[in-house]
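# Chain and residue survey
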Amino acid sequence: MSINKTIKLKDYTPYPFLIPNISLDFNIFEDVVLVKALMIIVPKLSIDNQLILQARDIELDSLFIDGRKLENNEYDASETELIIYEPPTSKFELRINSKIYPFTNTSLEGLYLSSDMLTTQCEAEGFRRICYSPDRPDVLSKYLVRIESDRSLYPILLSNGNKKYSRRISDRHEIVWEDPFPKPSYLFALVAGNLKQVSDRYITSSGRLVDIKIFVENGDEKYTKHAISSLKKAMKWDEDKFGLEYDLDEYKIVAVRHFNMGAMENKGLNIFNSKLVLADSKIATDDELERIESVIAHEYFHNWTGNRITCRDWFQLSLKEGLTVFRDQSFTADLHGSGLKRIEDVSLLRNLQFAEDNGPTSHAVKPKEYVAIDNFYTTTIYEKGAEIIRMLELLIGYEGFMKGIKVYFEKFDGKAATTEDFINSIIEGAFSSDEDLGSIFNFAKFQNWYYKSGTPIVYLNQTWDPNTSTLDISFEQKLNSSNGNETTVMFIPILYSCYSRSDNSTALINDSLFILDQQKKKLQIKLLNVEEQPPVLSIFRNFSSPVIWESDLSNEDYLFLFLNDNDYFTRWNSAQVLMKKIIKSRINNDIDPLLEERFIYAIKKSLIDFSTNDPFFLATLLTVPGLIELESSFDRVNPILIYKECLDFQVLIGLKTFEDLRILSEKVFLCINQVWPNGRGERKLLGKLWSYLVLAGDEQVKKICVESINSSSMTITKAALNALKPLDIEETKEASNLFFKLWKDNPIVLDTWFSYESSRSHKDAIDVVDKLLSHPKFDWKAPNSIRAVLGGFSKNIESFHSLDGQSYLFMAEKLIEVDKINPITASRMVKVFSRWKTYIDQNREGMYKAILKINNASISSNTREVVELILT
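Anyway, here's the lowdown on the structure attached to this text. Since we're looking at a predicted model, the values are computed, not measured. (Residues numbered from 1 in each chain as written. Predicted model: local features only at pLDDT ≥ 70, side-chain atom pairs only at ≥ 80, totals over all residues. Heavy atoms only, no water.)

## Section: the overall build of the protein chain
Within the protein chain, the regular secondary structure consists of 28 helices and 31 strands. By the compact-globule yardstick of 29 Å for 872 residues, the protein chain fits well, its C-alpha radius of gyration being 28 Å. Oriented by its inertia axes, the alpha-carbon framework of the protein chain measures out at about 90 × 70 × 60 Å. Counting across all 872 residues of the protein chain, residues that qualify as buried make up 60%. Summarising the internal contacts of the protein chain: among those between residues at least 6 apart in sequence, 70% fall at separations of at least 24. As presented, the protein chain carries roughly 34600 Å² of accessible surface, and 48% of it is formed by carbon and sulfur atoms. (Helix = DSSP H or I, 4+ residues; strand = E, 2+ residues; numbered from the N terminus. Rg over C-alpha atoms; globule rule 2.2 N^0.38 Å. Buried < 20%, exposed > 50% of the residue type's maximum accessible area, 1.4 Å probe, protein only. Contact = heavy atoms within 4.5 Å. Areas by Shrake-Rupley, 256 points an atom, 1.4 Å probe, with all protein chains shown as cover.)

As structure tokens, this is what we get:
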């Protein structure tokens, strides 16, 4: 059993030594890698300090300081640390000779084997599995790396930076790489393998030539065009938007099957999960192509927001991740539409991050402590962190925000920074005086977004005075967290407008900003036009703050906004509110026939007025709220009942709008054969229409879905699969079998089949999932495959949440097995049990037994930390 050691932000102290230069020598043999490290070390203070270096699974051979071999009594080498008792008090050279065994390393951290390729993952603390080092982000060094290996086994040898030289040594060869920019050890990367190279070039805005190289396994070369195109778009966008150029001669990407992360921004040598780099329209959906484009951009943008400026310590993780998510979201919004992108981001936030905020693993964007930092690569750090940056831009304005960003880059390039450094830089660049700053910005209250966990709830009530055409709005805020409601006052920007009821298309005021910076505060809107009826309030437009709000808007108000608002987010949100109300009333046996009738009329009107709607947006409007978001509406959650009523509501929509759905599906079908990104809206809409028609019993569409498994578009293929998925019918089985036959030899695509089979309805679901885990095509070492099967099973609502609790125990057993080989994947997946206290008695008791089963097992510190939080 692992010993849990809590790391606290308040205990941070700078490392007492500088390490400006590190030279690494890797000699790769059949079962071992010899590592020689040469570090130039400069003590920061004249006082004596022990030199403490971190380690994990390293075999020490010898130590030298300034050429003198150290005696055993001069140092202590344990499993986790190397302590040199009395290092020199002035600049010295430390040489370490050691051995590592990547061929037996299953953690997917440090240096490890993926298929026949050696690769690395050093973030957050993987470098200590490669070399004795401080392994902390505030120690920045320039790296010179030599790699030697058998030429036939590892013809490709890669590391960070630019290639300095290479040469043959009999049947072996060596390559030396030099990175001229200082970086923390978590950005170190090394790859050795028999890979194929696809090359391209990019000319920067200043005329520099950058060689683009993507390395893949044999046969995957044809799937790299989209990644190269995405990278070039990102490079051009960053130059145009932020004035930032790439700074090395080469930009290298390697596709790796066995990878815990989505991708890793190692300086000059990005390592990607194969799923997020290998793609074309035949093997990836439109959404996946956009996701790949976004992730490629995200890792590229890290070159400045993460690499050139890194985080001082891991408590500052959102400094690089939140800012870079904001940048990649902005990139996608500029390319594909800001309104649609905003809805996509908010939907993810509400279904994942809000649930995290209100659960046992809730934590601040800037947490106070952790046991395993790997457990903090969460939607709170990434997506909520991005929302904080977005609020800053809204509050300060685009021009001021960009001035502040420029100050940030100028002040901290080549350094390790904090979130406070970032906020102070933005303020310094945006405001010319304290008076200007104080007029709109309360620094202390805004910082609460970093320091406080939980999702704020805003309550608002309206009072209308027809005599003066004045609308008074009372606001009140509370911080909703797993620890109960707190009295902390947040700094909440609220973008609002309002509409005339008599003229559906007329906004009575332009978008305006109100700042809720007190627990209670009032807003008065004085209308210039005389209005007999109160206007329709459009609030939190474009989702101006990551909050939950409860208002006195009526069903009629939401129907009005759904049909008439010019803000994409508000239209979509209004539809979501109405759908949640209808589904909840059905679950509570309190059906509102008039509301259902009016809402379905609004749906019919949207279908009939298709020509005036963006097809992608229409598909989004037709999408019901996610199950996790629906669960948050109940004090006691009955997951199976929620799922069934949600499905029945979709059946109702399908039956009531059947002819409109049929007519539109036939019209849209004629427009799907366009090259991405063209036609993506039509393809998404067609998939949504098929889903409703299949649920409504359309036999012809069921047949079309089976035939579409052979489509040349993976978007259409998966749309067909998803339309059939809720029904345990012959067409579903036929479609699944056909998909397997087509893609059984492509592991990236086959993960879709594993996920589909584990998540669709089966009579003996546990047996089905168990067989999938022992399937000859299943790869226990690939996190994607594990997530496909076990993650898919957790979405099989009726089977996973069966009242006998057997599925929960089965999941617990499998996660214990996963933890033995991959603690990071296990610790993330165990969060499937995090909402156990919110369920009805039978489900709660079953989940509790499963959690105890995991807790009583010998598990990693990663998983132990999460389990203990869940049990709290």
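## Some words on unusual backbone geometry
The peptide bond linking E123 to A124 adopts the cis configuration, its omega dihedral lying at 5 degrees. Note on placement: A124 falls in the loop between β11 (117–121) and β12 (141–150). Here the bond from W676 into P677 is cis, since omega is 10 degrees, no more than 30 degrees from zero. Within the fold, P677 resides in the loop between α16 (658–669) and α17 (680–695). Phi at S170 takes a positive value of approximately 60 degrees, unusual for a residue other than glycine. With respect to the helices and strands, S170 occurs in the loop between β14 (162–169) and β15 (172–183). On the accessibility criterion, S170 (65% relative accessible area) is exposed. Its identity is not glycine, yet N542 carries a phi of approximately 55 degrees, on the positive side. Tracing the chain through its elements places N542 in the loop between β30 (536–539) and β31 (548–551). Residue N542 is classed as partly exposed on the basis of its relative accessible area, which comes to 33%.

## Digging into the pairing of strand β17 (residues 196–203)
Consecutive side chains along a regular strand alternate between the two faces of the sheet. Pairing between β17 and strand β18 (residues 209–216): eight bridges, direction antiparallel. The residue of β18 that forms the bridge with K196 is V216. Between β17 and β18, which pair antiparallel one after the other, the connecting turn spans five residues, and G207 there sits at a positive phi close to 95 degrees. (Pairing = 2+ DSSP bridges.)

## Considerations on the pairing of strand β26 (residues 470–480)
Inspection of the sheet shows strand β25 (residues 455–465) paired to β26 by 11 bridges, in the antiparallel sense. Bridge pairing in β26 links N461 to S474. Turn length for the β25-β26 hairpin, with the two strands adjacent in sequence and antiparallel, is four residues, and the turn residue S469 shows positive phi of about 50 degrees. In the sheet, β26 pairs with strand β29 (residues 520–526) via seven bridges, with the strands oriented antiparallel. By the bridge assignment for β29, S474 is matched with K522.

## Concerning the packing of helix α5 (residues 379–396) against helix α7 (residues 419–430)
Helices that pack against each other are described as a pair by the angle of their axes relative to one another and the distance between those axes. Close contact between α5 and α7 brings their axes to 12 Å; oriented N to C, the two are set at 15 degrees. Comparing the axis directions of α5 and α7 gives the class roughly parallel. For the crossing formed where α5 meets α7, the hand is right-handed. On the side of α5, the interface is formed by I389, L392 and I396, while α7 contributes F422, I423, I426 and A430. Residues that form the contact of α5 with α7 fall into these classes: seven nonpolar, no polar and no charged. (Axes fitted to C-alpha atoms, helices over the stretch in contact; angles between N-to-C directions. Parallel < 35°, antiparallel > 145°, perpendicular 65-115°, else oblique. Left-handed = near helix turned anticlockwise from the far one by under 90°. Nonpolar A, V, L, I, M, F, W, Y, C, P; charged D, E, K, R; others polar.)

## Regarding α7
An α-helical turn contains 3.6 residues, so a residue and the one three or four places further along point in the same direction. Look at α7: 17 Å from first C-alpha to last across 12 residues, which is about the 16 Å you get at 1.5 Å a residue. Here α7 has its buried residues at T419, F422, I423, S425, I426 and I427. (Expected span 1.5 Å × (residues − 1).)

## Regarding the nonpolar core
Of all hydrophobic cores here, the largest spans 278 residues; its most connected members are L94, F422, F599 and F833. If near-sequence neighbours (up to four positions away) are discounted, F422 is found in contact with L319, L323, I389, L392, I405, Y408 and Y450. Ranked by size, the runner-up nonpolar core spans five residues in total, among them I640, Y643, L647 and I797. (Core = buried A, V, L, I, M, F, W, Y, C linked by side-chain atoms within 4.5 Å.)

## A look at the pattern of salt bridges
What the rule picks out here adds up to 67 salt bridges. Close ionic contact of D698 with R662 constitutes a salt bridge, the shortest N to O distance being 3.0 Å. A residue pair is termed long-range when its members are at least 10 positions apart, and D698 in the loop between α17 and α18 (699–707) and R662 in helix α16 qualify at 36 residues. The exposure class of D698 is buried, given its relative accessible area of 3%. (Salt bridge = Lys/Arg side-chain N within 4 Å of Asp/Glu carboxyl O.)

## What to know about the side chain of S759
Mapped onto the fold, S759 is located in helix α21 (residues 747–759). A distance of 2.8 Å separates a polar atom in the side chain of S759 from a polar atom in the side chain of K725. If we ignore the near neighbours within four places in the chain, the residues touching S759 are K725, G792, K795 and N796. (Polar contact = N/O pair within 3.5 Å; in protein donor to acceptor, adjacent residues only side chain to side chain.)

## Description of the sheet that holds β17
Reading across the sheet, the five strands line up as β17-β18-β19-β21-β20 and stay open at both edges, with mixed pairing between neighbours. One side of each edge strand has no neighbouring strand; the edge strands of this open sheet are β17 and β20 (263–264). Taken together, the five bridges between β18 and strand β19 (residues 250–256) define a ladder with parallel strand orientation. By the bridge assignment for β19, K213 is matched with K252. Taken strand by strand, helix α1 (residues 225–242) contacts β17, β18 and β19, and its axis lies near 25 degrees from that of β17. Across the sheet, helix α2 (residues 286–301) touches β19, β20 and β21 (269–273), and the angle it forms with β21 is around 150 degrees.

## What to know about the side chain of T732
Relative to the helices and strands, T732 is located in helix α20 (residues 730–743). For T732, a relative accessible area of 0% translates into the label buried. In terms of polar contacts, T732 uses its side chain to reach the backbone carbonyl oxygen of L724, at 3.0 Å. In contact with T732, not counting residues within four places along its chain, are L724, K725, L727, Y756 and R760.

## Description of the packing of aromatic side chains
How two aromatic rings sit relative to each other is set out by the distance from centre to centre and by the angle between their planes. Here the structure, examined in full by the defined rule, presents 43 aromatic pairs. A centroid spacing of 4.0 Å and a plane angle of 10 degrees characterise the contact between Y568 and F617, whose relative ring orientation is stacked. In this pair, Y568 is assigned in helix α11 (residues 568–587) and F617 in helix α13 (residues 615–621), connecting sequence segments 49 residues apart. Here a set of aromatic residues connected by ring pairs shows up, and it is made of W237, F242, Y246, Y251, Y300, F301 and F331. (Phe/Tyr/Trp six-rings, centres within 6.5 Å; stacked < 30°, edge-to-face > 60°.)

## Focus: the packing of α7 against helix α9 (residues 443–451)
Interaxial distance between α7 and α9 falls to 12 Å at its minimum, and their mutual angle equals 140 degrees. In this structure, α7 meets α9 at a crossing whose hand is right-handed. Contacts from T419, E420, F422, I423, N424 and I427 in α7 reach F443, F446, Q447, Y450 and Y451 in α9. Across the contact of α7 with α9, the residue classes break down as seven nonpolar, three polar and one charged.

## Describing the state of the cysteines
Tallying each qualifying case throughout the model produces zero disulfides. Free of any disulfide, C705 has its nearest cysteine sulfur in C671, 18 Å distant. The class for C705 is buried, based on a relative accessible area of 0%. (Disulfide = S-S within 2.5 Å.)

So yeah, pure geometry; function would need other evidence.
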